[in-house]
Amino acid sequence: MSRTLRGAIALVGAAALSLGAVATSGAAQPGEAKQDVKIGLLLPESKTTRYEKFDRPYIEQKIKELAPDAEIDYYNAAESATTQQQQVNTALAKGNKVLILDAVDAKSIQSSVQKAHDAGVKVVAYDRLAQGPVDSYVSYDNRKVGELQGQALLDALGDKADTGQIVMHNGSPTDPNAAEFKAGAHSVLDGKVKIGKEYDTPNWDPNNANQQMSGAISALGKDNIVGVYSANDGLAAGIATALKASGINVPLTGQDAQLDAIQRILLGTQTITIMKPYKPEADIAATMAVDFAEGKELPASLTPTTVTSGSGEKVPANLLTPIVVDKNNIGDTVVKDGLYTVAEICTPTYAAACKEAGLQ
């Protein structure tokens, strides 16, 4: 394991230990009046596998651990900003005291955040920083994600960095995280590679990414493309399909450590993904929400930094450290962290690649 990886994992471990130290803040203390804990959990979509497989169950589990009698109302907006605004209205009508909100569109949700604030309902921005009077925010250092992706692409290109062009797929223009990934990647790549085509991809839709990549191949010529920046693994899936159809195999980035991305990495059709361990992020969000629901102030240890939203609000925040996953450290990252078992990864199609990578 590299020194960088050990350091990154140590940071995540430290975050988890720090969280453990503050998690008890969500429990009622002797002599305190017990308050009803009613929390609305609003996630943006289900095309990205993380939300239903990891984020939702981890958040709900932690809330119930801290407040066994808590009522949790769950909503998934299916990529619709309008639907999510309606879901906020429903959550407020049902008497939710706190909203954990992962915004579909950080800007358009501002009026809903304001409505919650005016009703005395706290809003915990989860993974994406919504605009408006948000009360706290937990995510990963998203600019750092882009920097890691850009550097990994440069490392994979090596001497080929100046022999052709790269294509960039930056994600949804309504997602503030996508803008940070993009800025981080550009800070590393600009001046070191030639960007032949660059796209924003509405709704993080793999089908859109596939069409964009096919268009880039037609416009640039397959022999002129030396690498592809993809902001996440969902886009990378669509991109990889387009590359394969044209007989191209070049370095390709990703993010979210999806199972199919790990398998592509084993086969060599994707180079890296960025792992953002879901449980620490989910646990922090749940702890913030329970504290707010019980009328408590968040301890400084839970919000060690401050960020500025797109609407100018200063928001107490907790930003965790992302990790690069490549073919050499799958066992020390996604397997060790419990995202997937070796059996889940190493199905018959990937058995030989798993053996070569030391997973079997």
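Residues numbered from 1 in each chain as written. Predicted model: local features only at pLDDT ≥ 70, side-chain atom pairs only at ≥ 80, totals over all residues. Heavy atoms only, no water.

Caption draft 1: A look at the pattern of salt bridges. Within this structure, the stated rule accounts for 20 salt bridges. The partner of R50 in a salt bridge is D127, with the nearest N and O atoms 3.4 Å apart. Of the two residues, R50 sits in helix α2 (residues 50-66) while D127 sits in the loop between β4 (122-126) and β5 (136-140), which places them 77 residues apart along the sequence. A single burial state applies to R50 and to D127, both of which are buried. Between R128 and D175 there is a salt bridge; the shortest N-O distance is 2.9 Å. (Salt bridge = Lys/Arg side-chain N within 4 Å of Asp/Glu carboxyl O. Helix = DSSP H or I, 4+ residues; strand = E, 2+ residues; numbered from the N terminus. Buried < 20%, exposed > 50% of the residue type's maximum accessible area, 1.4 Å probe, protein only.)

Caption draft 2: Here's a closer look at the state of the cysteines. Under the defined criterion, the tally for this structure stands at 1 disulfide. Across the disulfide, C346 is cross-linked to C354 (sulfur-sulfur distance 2.1 Å). Note on the C346 and C354 pair: the S-S dihedral is about -95 degrees, so by sign convention the disulfide is left-handed. Here C346 matches C354 in class, with each residue buried. (Disulfide = S-S within 2.5 Å.)

Caption draft 3: Examining empty space enclosed by the protein more closely. Tallied over the entire structure, the rule returns 2 cavities of 30 Å³ or more. The space that makes up the largest cavity amounts to roughly 120 Å³. Lining the largest cavity are 14 residues, and of these Y51, D127, R128, D175 and D256 sit closest to its centre. For the lining of the largest cavity, the elements supplying multiple residues, two or more each, are α2 and α6 (176-189). (1 Å grid on protein atoms, 1.4 Å probe; cavity = no way out; pocket = protein on both sides within 12 Å on 5 of 7 lines; lining within 4 Å. Points joined across faces, edges and corners; volume = space filled by probe spheres on them.)

Caption draft 4: Representation of unusual backbone geometry in the model. For W204, which is not glycine, the phi torsion reads 55 degrees and is therefore positive. The exposure class assigned to W204 is buried, which follows from its relative accessible area of 7%. Of note, D256 is a non-glycine position whose phi angle comes to about 105 degrees, a positive value. Counting through the fold element by element, D256 comes out in the loop between α8 (233-245) and α9 (259-267). For D256, a relative accessible area of 6% translates into the label buried.

Caption draft 5: Layout of the nonpolar core. By size, the foremost hydrophobic cluster in this structure holds 48 residues, and its most contacted members are I100, I330, V334 and I345. With 10 residues, the single largest contributor to this core is helix α10 (residues 278-293). Sequence-distant contacts of I345, defined by excluding residues within four places in its chain, comprise L259, I262, Q263, L266, I330, V334, V335, Y340, Y350 and C354. With 39 residues, the next largest nonpolar core counts L153, I166, V188 and L189 among its residues. (Core = buried A, V, L, I, M, F, W, Y, C linked by side-chain atoms within 4.5 Å. Contact = heavy atoms within 4.5 Å.)

Caption draft 6: Here's a closer look at the pairing of strand β6 (residues 165-169). Counting buried residues in β6 gives 5 out of 5 residues, a clear majority hidden from the surface. On β6, burial covers both faces: Q165, V167 and H169 on one face and I166 and M168 on the other are all buried. The sheet contact formed by β6 and strand β7 (residues 194-199) spans 5 bridges and is parallel. Pairing of V167 across the sheet is with K197, part of β7. Each parallel crossover has a hand, and for β6 linked through α6 to β7 it is right-handed. Bridging between β6 and strand β8 (residues 225-230) involves 5 bridges; their strand directions are parallel. The residue bridging Q165 from the neighbouring strand is I225, located in β8. (Pairing = 2+ DSSP bridges. Right-handed = clockwise from strand over helix to strand, strands pointing away.)

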